[in-house]
Each structure stands twice: as structure tokens, then as C-alpha cells.
Amino acid sequence: MSPDLSAAARAAADAVDAAAIRDELQALVRIRSVTGHEEAMAEVLANRLGDAGMAADWLLPDPAAIRADPAWPGEETERTTLPVVIARLGRPGGRRIVLSGHMDVVPPGDPDTWSVDPWAGEIREGRLYGRGACDMKGGVAAILGAVRALVASGASLNFDGELIVAFVPGEEDGGQGTLAAIRAGATGDLAIITEPSNLDIVVAHAGAITFRLTVPGRAAHASQRREGVSALDNLFAVLRGLEIDETARNEAETDPLMTALGLPYPTIVGIVQGGEWASTVMDRVVVDGRYGVRLGQSPADAATDLRRAIAGINASDAFLCEHPASVEIVGGQFGSGHVPSDHPLPVGLAAVAEAVTGRQPALLGEPYGADMRLFINEGGTPCVMYGPGDVKVAHSADEHVPLAQLEECARVLAAWVVRELGPR
């Protein structure tokens, strides 16, 4: 390790227990914490943080109160509880940094598409498999490993400030768990979310809104289909118009972090519902989809773009001009987030990562929404994402995370915390 790290930072990194992190992740994957059902996970994590030496609280903010917050980011899963875990280590009143991760995972889908049990945490060839292993229980386990190393090495005894760990629900459907944590005081001078980044540093991310589009037609008997107008055919016309809109929005982007992605702001339809009878021309189709939020744009601004695009499509079609397709915004609303590449947070984290691992991480933009923007925009806390695993396998069958990256991440986090909170 580079001599640029202090002795305390080196000791904290060296105190990381890779086997314990592996076992921790296996146990976490076996908890079925699908979005809306995170209580068991929250209880386990509060206990683990307490056992590691942190002062941990398991909070249950009222979901109705969070929904009433002007910054509420929406939801796609009805819930009656919103369990948030916040733990503290060090001296309050000084410099404060935050490590955060989400507890919820998406459903595993068809088990027949998996080669392993999605809830078993099976290990194969240096990778741990299971729903949430990558997104993002691997990052949660790395935070736990870093905390234990900070305490075991004695580094936390000399903190000139406070470390806050926030484990949150509801990231997958909007981020209301992080909003609740921010309102409960989980803010600071700097923050890292351990979302999967292949141990590169994400300094910018796009966002997304969920929309519901209703496209009309005119019913007729199948034998007289020319008397009807198929809503499905009209949907194809709308989708072609949205493809044109997608192209224009992406070609207008100039930030190199986003243009490097090729398609930073995709538009997709994920759910299609329509028709009531096989021999009737379909008179209505309803689809739910995702519309990208551009860097620097709010969800409300993106919704304006979408409504303008649908209005233009309606105006250009003879039937839809008289019987317009309608759009409403539903579900989660992810804004965008950005920290300058020369900000002390990514610069300092990259320096520590290179000192610990020998590899300089890249600074990236990503096309997906994340809780990073809430720390930045609502919590006033500069935030980046840095964690184990490749987002390309998130939400997929056979989701997995490399065990070597778990250890590397924990070592870097431990050293970085000492760099930020050690005596100056």
C-alpha cells in the first residue's frame, strides 16, 4: 500500500476480514427483503451494527408523513412501514461522513431462469449468487466489514468527527427510504453509496420517471375489422413517435460523462394491457413505461418533455388527433445527480482506492436513477457511488458479486473513513 496513507488508514484496511464479509453477505441474501418487506433485514442490520460497536437505531417513520413531504419521490409498492437503520460512530459535532446502502431487492422472477436458488447465497468460482447479491447487499456487507475493521484496528477511537451508516428501504421504487433517513439527520459533509460500480466511482447519474399511457381505438367485430381502429396499431404509432423523441433527447446531450454511455436516457415500455375478447378489435390499450430524466433535469421537467412528445404524436395522427392518447406519471420518480469530477470527494476516494488496490478507478456517469441525487439535492451532502459488482447483472437471473471485490471495497472504505475523520 502507498505511503500516502496514514498508518491508521493502513491498519484499518488491513483489519478487514474477508471471510466474515462473505458469511455476512450469504446471511443477508437469505433474507427475502423484496421492496415493501424490509423489516427483517432492518432488524438484522441494526443488530449487526450494534454488535460492531456503533450506536444503532431502528427507526419507523410514518409512510404517510414521508408521502406528504414536498420531495417525496413516489412509490410503486404499497407499504405500511418504512424501516430505516441509522448508526453512528465517533464524535458528534465535528466533521461527518455517511456510508449508505439500500436493503430492498427486486423480486427474483421465474426461478426456472436461475441455475441456483436465488435465496441461497451459493458460492461458485469466487462469486456469490443470489437476488440482491450485487444490487446491493454486497455493498451493504462491505460497509459492515469496513465498520468492523475501523473498530478492530482502533482507528475509530481517534475520529475527529462522526461516521453515519444509513441502511434504507424503498430504493428500488423511488427512494423514499433515503428521503426519510435524510429527514432523520443522515446528512453530512460527504457520502458514499455502495451501489455496484465495479469499484469505479460514479459521479453523475441520470434519472427516470414511470408513466402510464392510455391509447384509444374503436371496437368492431373481428369479421368487420376495417370498421374498427385497433388501439394496438395506435400504440405502435405512439411508440414510433417516442423513439424519435428518444433519439432527439439523447443527441442533444453534450456532457462527456453521459454521451459516453451511448443511450443515457432510454425510453421503454415494460407492461402492456389491453383487449377483452379475442374477436373484438381492441378499443383501448394501457402501457406502463420508463422515461429518462436528463442530467441536471428534474422529474417534473422530464414529465413536461414526455407530455409535449405525446401531444405532438397525437397531433400528427388522424385518429389520435380526435381521440388523443393520454399520459400520467405514476410510481417512482428518480431525479438526476451530479458531483463535479474535480470535487474533493471523488478525488480523495480515487486516491485512497489507488493506494489500497493499486488501481486508479475511473470516474463515470450512469444511465440509471439512484438515491445519490437525494443526498445531493435534498440532504445538501455531496455523494458518489462506489461499490462491488457489475450493474449489468443486477435484477437478472443468476445475479452475483465477486468476493474479491467485496474485500477490496471494504478495505477502501475503511481507509477512506480514516482519511476523512482521522486527526488533521
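If you're wondering where the values come from, they're calculated on a predicted model, not measured in any experiment. Each chain carries its own residue numbering, running from 1 in the direction its sequence is written. Where local features are concerned, this predicted model is filtered to residues with pLDDT of at least 70; where side-chain atom pairs are given and counted, the filter is 80 or more; whole-chain, interface and lining totals use all residues. The basis for the side-chain values is all heavy atoms of the structure; hydrogens and waters are excluded.

1. Comments concerning the pattern of salt bridges
And then number 1: Any Lys or Arg side-chain nitrogen found within 4 Å of a carboxyl oxygen on Asp or Glu counts as a salt bridge. Under the definition given, this model contains 20 salt bridges.
And then number 2: Among the salt bridges present, the one from Asp69 reaches Arg183, with a minimum N-O distance of 2.7 Å. A residue pair is termed long-range when its members are at least 10 positions apart, and Asp69 in the loop between helix H4 (63-67) and strand E2 (84-90) and Arg183 in helix H6 (residues 176-183) qualify at 114 residues.
And then number 3: Only protein chains enter the accessibility calculation, which uses a 1.4 Å probe; a residue is then buried when its area is under 20% of its type maximum, exposed when over 50%, and partly exposed in between. We classify Asp69 as buried; its relative accessible area is 15%.
And then number 4: The partly exposed category is assigned to Arg183, whose relative accessible area is 40%.
And then number 5: Arg212 is paired through a salt bridge with Asp288; the nearest N and O atoms lie 2.9 Å apart. With a gap of 76 residues between them, Arg212 in strand E9 (residues 207-216) and Asp288 in strand E11 (residues 284-293) connect regions that are remote in the sequence.
And then number 6: Here the salt bridges share partners, and the residues they tie into one network are Arg249, Arg294, Asp305 and Arg308. Every helix listed is a DSSP run of H or I at least four residues long, and every strand listed is a run of E at least two residues long, numbered separately from the N terminus.

2. Let's talk about empty space enclosed by the protein
And then number 1: Detection works on a 1 Å grid of protein atoms alone, calling trapped sets that fit a 1.4 Å probe cavities and calling open sets with protein on both sides within 12 Å along at least five of seven lines pockets, with lining residues defined by an atom within 4 Å of a point. Grid points are joined across faces, edges and corners, and a volume is the space filled by probe spheres set on the points. Inspection of every chain in the model, using the stated rule, returns 2 cavities of 30 Å³ or more.
And then number 2: The volume enclosed by the largest cavity comes to roughly 40 Å³.
And then number 3: Classifying every residue of the lining of the largest cavity gives 4 nonpolar, 1 polar and 2 charged.
And then number 4: Estimates place the volume of the second largest cavity at around 30 Å³.
And then number 5: Lining the second largest cavity, in full, are Ser100, Gly101, His102, Met136, Val168, Glu171, Thr178, Ile193, Glu195 and Asp371.
And then number 6: With 3 residues, the single largest contributor to the lining of the second largest cavity is strand E3 (residues 95-102).
And then number 7: Classification convention: Asp, Glu, Lys, Arg as charged; Ala, Val, Leu, Ile, Met, Phe, Trp, Tyr, Cys, Pro as nonpolar; all other residues, Gly among them, as polar. Split by residue class, the lining of the second largest cavity holds 3 nonpolar, 4 polar and 3 charged.

3. Here's the deal with the environment of Ser100
And then number 1: Among the secondary structure elements, Ser100 is positioned in strand E3.
And then number 2: Residue Ser100 is classed as buried on the basis of its relative accessible area of 2%.
And then number 3: Remark: the alpha-carbon pair of Ser100 and Ala166, spanning 66 residues in sequence, is separated by 4.7 Å.
And then number 4: Note on contacts: a residue pair is in contact if any heavy atoms of the two residues lie within 4.5 Å. Leave out the neighbours within four places in its chain, and Ser100 touches Met136, Ile143, Ala166, Val168, Ile192, Ile193, Thr194 and Phe375.
And then number 5: Two N or O atoms form a polar contact when they lie within 3.5 Å of each other; inside protein one atom must be a possible hydrogen donor and the other a possible acceptor, and for residues adjacent in sequence the pair counts only when both atoms belong to side chains. A distance of 2.9 Å separates a polar atom in the side chain of Ser100 from the backbone oxygen of Ala166.

4. Brief notes about the sheet that holds E11
And then number 1: Pairing between strands is defined by DSSP: at least two bridges between them are needed. Spatially, the 4 strands line up as an open sheet ordered E10-E11-E9-E12, and their pairing is antiparallel. Since the sheet does not close on itself, it has two edges, and those belong to strand E10 (267-274) and strand E12 (326-334), each with one partner. Each strand of the sheet is rotated relative to its neighbour by a mean of 20 degrees, with strand direction disregarded.
And then number 2: Across 7 bridges, E9 lies against E12 in antiparallel orientation. Among the inter-strand pairings, Arg212 is bridged to a residue of E12, identified as Glu328.
And then number 3: Lying over the sheet, helix H9 (residues 299-315) contacts E9, E11 and E12, oriented at roughly 155 degrees with respect to E12. Only the contacting stretch of a helix is used when fitting its axis, a line to C-alpha atoms as for every element, and angles between N-to-C directions run 0 to 180 degrees.

5. As for the sheet that holds strand E4 (residues 123-124)
And then number 1: The 3 strands lie next to each other as E4-E5-E16, forming an open sheet whose pairing is antiparallel. Bordering the open sheet on either side are E4 and strand E16 (400-402), each of which pairs with just one other strand.
And then number 2: One ladder, built from 3 bridges, connects strand E5 (residues 127-129) with E16; its direction is antiparallel. Of the residues in E16, the one forming a bridge with Leu128 is Val401.
And then number 3: Set on the sheet, helix H2 (residues 18-29) makes contact with E4, E5 and E16; between it and E5 the angle comes to about 15 degrees.
And then number 4: Against the sheet, helix H5 (residues 133-152) makes contact with E5 and E16, and its axis sits at roughly 45 degrees relative to E16, the strand it touches most.

6. Overview of the nonpolar core
And then number 1: Side-chain atoms within 4.5 Å link the members of a nonpolar core, which is a set of buried Ala, Val, Leu, Ile, Met, Phe, Trp, Tyr and Cys residues. Leu163, Val165, Phe167, Tyr386 and Trp416 are the most contacted members of the largest nonpolar core, which totals 72 residues.
And then number 2: Not counting residues up to four positions away in its chain, the partners in contact with Phe167 are Leu45, Leu49, Val84, Val85, Gly101, Met103, Val140, Ile143 and Leu144.

7. Focus: the environment of Ala142
And then number 1: Looking at the element boundaries, Ala142 is found in helix H5.
And then number 2: What makes Ala142 buried here is its relative accessible area of 0%.
And then number 3: In sequence terms Ala142 and Val401 are 259 residues apart; their C-alpha atoms lie 12 Å from each other.
And then number 4: Here Ala142 is in contact with Ile21, Leu406, Cys409, Ala410 and Leu413, once residues within four sequence places are set aside.

Shape is all these values report; function is a separate question.
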